[in-house]
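Structure assessment
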Amino acid sequence: MLWTRPGRTESSCSNSRARAEEEQQQHNFSVHKHNRYRWQKRVLQMDFKTKMLCSIQKGIVKRQLPFSLVKSCDDGDGSRFSISFKDHHDYELEATSLEDKHKVSAYVPTLDDVEKYTSHTGPVSDLHIVDQYMMEMCNIPLLSTQLDLLLTLRELPVSLNDLQPLINQKIRMCSQLKTCGSFVSVLEYLLAIGNYLNENAGKEKAKGIRLSSLTKLSQLRGRDRGFTLLHALVEQIVLHEPSLAAFTQELAEFEAVPGASVKGLTAEIDVLKKELQKVVQYRKSSRRKTGQHPKFSKDLKMLIDRYNADLLALTKLCEEMKKLYSTVLVRFGEAADQDSLELFGLICQFVRDFRRAHAELRSGLSAAHQDS
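Residues numbered from 1 in each chain as written. Predicted model: local features only at pLDDT ≥ 70, side-chain atom pairs only at ≥ 80, totals over all residues. Heavy atoms only, no water.

Identification of the chain as FH2 domain-containing protein from Tetraodon nigroviridis is taken from an unreviewed UniProt entry.

**A word on the pairing of strand 3 (residues 52–57)**
Most of strand 3 is tucked away: 5 of the 6 residues are buried. Of the strand pairs in this sheet, strand 3 and strand 4 (residues 60–66) are connected by 6 bridges, and their pairing is antiparallel. Looking at strand 4, one finds that Gln57 is bridged to Ile60. In this structure, the hairpin formed by strand 3 and strand 4 is closed by a connection of 2 residues, where Lys58 is found at a positive phi of approximately 50°. (Buried < 20%, exposed > 50% of the residue type's maximum accessible area, 1.4 Å probe, protein only. Helix = DSSP H or I, 4+ residues; strand = E, 2+ residues; numbered from the N terminus. Pairing = 2+ DSSP bridges.)

**Notes on helix 6 (residues 181–200)**
Here helix 6 is 20 residues long and its end C-alpha atoms lie 29 Å apart, about the 28 Å a rise of 1.5 Å per residue gives. Among the residues of helix 6, those classed as buried are Ser182, Phe183, Val184, Val186, Leu187, Tyr189, Leu190, Leu191, Ile193, Gly194, Asn195 and Asn198. The positive-phi residue at the C-terminal boundary of helix 6 is Gly202, with phi of around 75°. (Expected span 1.5 Å × (residues − 1).)

**Description of the packing of aromatic side chains**
Aromatic ring pairs are described here by two measures, namely the spacing of the ring centres and the angle between the planes. Scanning the entire structure with this criterion turns up 8 aromatic pairs. Ring geometry for Tyr325 against Phe344: centres 5.7 Å apart, planes inclined by 85°, an arrangement best described as edge-to-face. Here the residue Tyr325 occupies a position in helix 9 (residues 294–331), and Phe344 occupies one in helix 10 (residues 340–371), the gap between them amounting to 19 residues. A relative accessible area of 0% places Phe344 in the buried class. Look at Phe350 and Phe354: their rings are 6.0 Å apart centre to centre, the planes differ by 55°, and that puts the pair in the tilted class. Here Phe354 and Phe350 lie together in helix 10, a separation of 4 residues that amounts to about one turn. Each of the two residues, Phe350 as well as Phe354, counts as buried. (Phe/Tyr/Trp six-rings, centres within 6.5 Å; stacked < 30°, edge-to-face > 60°.)

**Brief notes about the packing of helix 6 against helix 7 (residues 229–240)**
Here helix 6 crosses helix 7 at 120°, and the two axes come no closer than 10 Å. In this view, helix 6 runs oblique relative to helix 7, as classed from their interaxial angle. For the pair helix 6 and helix 7, the sense of crossing is right-handed. Taken together, the residues of helix 7 that come into contact with helix 6 (itself represented by Val186, Tyr189, Leu190, Ile193 and Leu197) are Leu229, Ala232, Leu233, Gln236, Ile237 and His240. Here the residues of the contact of helix 6 with helix 7 are counted per class, giving 9 nonpolar, 2 polar and no charged. (Axes fitted to C-alpha atoms, helices over the stretch in contact; angles between N-to-C directions. Parallel < 35°, antiparallel > 145°, perpendicular 65-115°, else oblique. Left-handed = near helix turned anticlockwise from the far one by under 90°. Contact = heavy atoms within 4.5 Å. Nonpolar A, V, L, I, M, F, W, Y, C, P; charged D, E, K, R; others polar.)

**As for the environment of Val43**
As for its placement among the helices and strands, Val43 is situated in strand 2 (residues 38–47). C-alpha separation for the pair Val43 and Phe29, spaced 14 residues apart in sequence, amounts to 5.6 Å.

**Re the nonpolar core**
Grouped together as the largest cluster of nonpolar side chains are 66 residues, with contacts concentrated most on Ile167, Leu177, Phe183, Leu233, Leu251, Phe350 and Phe354. Contributing elements (two or more residues each) for this core: helix 5 (143–179), helix 6, helix 7, helix 8 (262–286), helix 9 and helix 10. Of the residues forming this core, the biggest block, 14 residues, is contributed by helix 9. Among residues more than four places away in sequence, those in contact with Phe350 are Phe183, Val186, Leu214, Leu217, Leu230, Leu233 and Phe247. Among the nonpolar cores identified, the runner-up in size contains 7 residues, and Met52, Val61, Ala267 and Val271 belong to it. (Core = buried A, V, L, I, M, F, W, Y, C linked by side-chain atoms within 4.5 Å.)

**Section: the side chain of Gln176**
Of note, Gln176 is situated in helix 5. Other than its neighbours up to four places away in sequence, Gln176 contacts Glu250, Leu251, Ala252, Glu253 and Phe254.

**What about the confidence of the model for the chain?**
Low-pLDDT stretches of the model should not have their predicted coordinates read in fine detail. Looking at the chain as a whole, the pLDDT averages 76, with 69% of positions reaching at least 70. The secondary-structure element of the chain with the lowest mean pLDDT is strand 7 (residues 88–94), recorded at 44, while helix 7 shows the highest, at 93. Every residue in residues 75–80 scores below 50 in pLDDT, and together they form 9 contacts with partners more than four places removed in sequence or on other chains. Here residues 89–104 is a poorly scored stretch, pLDDT under 50, and it has 55 contacts once near neighbours within four places are set aside; other chains count. (pLDDT = per-residue confidence, 0-100.)

**Thoughts on the pattern of salt bridges**
Two side chains bearing opposite charge may form a pair once their charged atoms approach each other closely. With the rule as written, the count across this model stands at 6 salt bridges. The salt bridge partner of Glu253 is Arg172, with a shortest N-O separation of 2.8 Å. Linking Glu253 in the loop between helix 7 and helix 8 with Arg172 in helix 5, this pair joins segments that are 81 residues apart in sequence. Classification of Arg172 by relative accessible area gives partly exposed; the value is 39%. Residues Arg356 and Asp353 are paired through a salt bridge, measuring 3.2 Å at the closest nitrogen-oxygen approach. Here Arg356 and its partner Asp353 are both found in helix 10, 3 residues apart, which amounts to about one turn of the helix. Assessed through its relative accessible area of 5%, Asp353 is described here as buried. (Salt bridge = Lys/Arg side-chain N within 4 Å of Asp/Glu carboxyl O.)

Here's what the structure looks like:
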């Protein structure tokens, strides 16, 4: 077990280097998962360090599959690209397919339709209402591309609204760990107990405790099978410094098991920036072409400006989250690539176990007083 507080400057620099290397080895893409005739938006992260493909939704890593399970890849028209996996036939990713898009695209004229309708020389009013509609559609330049842009812009504010509270939650969790001195004191009590046991067993003293060992305390039992190392920790705290037993109140955000991770949320923001950049690039290129409807270009710019401001604010929030999480890792001597979902899950479990052991100890003391 190890828990240390290394030098801030050296550790912060090493964490910064680790984050830079991690970002170079991870690539995020906007994808859609095909599952029983439904298309669900995901972020696909290719991690070349761990050789894993991660499917992320709203910051939550839904599934991780190793590169070795890739069965086949299909490079379709345009930017479409599909991946299927061995023994996961229901899990196919495609970069541009959406159920809504398919519905709209069913009414998008094909090249044959365009040729047929543009060759019509008679009055448009003589045509059937469906043919009149198709005639209007044929007159819209780059129709399919514009539909893709509109779908992207429709989903963007929804994604921003979904991610903001999740990022704020991670910031609160990191802030509580950063400022909760009583939690550190609890760890120091645990270190003292662990070194007492090590000394009696003829082992060297430990310099600290790894947070991953916290959930194992309730599994270590003595002669009394109902009394665990966690009970011993609670007993010593209640005996010497009872106010520390309320440290769980300072970690209120750890009441429930966290779903989203820092890694997943960062990937989501990265993909949103790429999607908005595609819209920006399209507008720049379309302005140099003839046939672009001026109102569409004006509306597009208005939406770009609005969502760019919102995305910039959320990006700053995301950077704050990453910085705080890095500070937490340094403070508790954890590895720079430690997954937040695992780390926060361990602390969440420890908080619940500590409360339960504290309640059991109080119940036992109360019963003993009544018997006496």
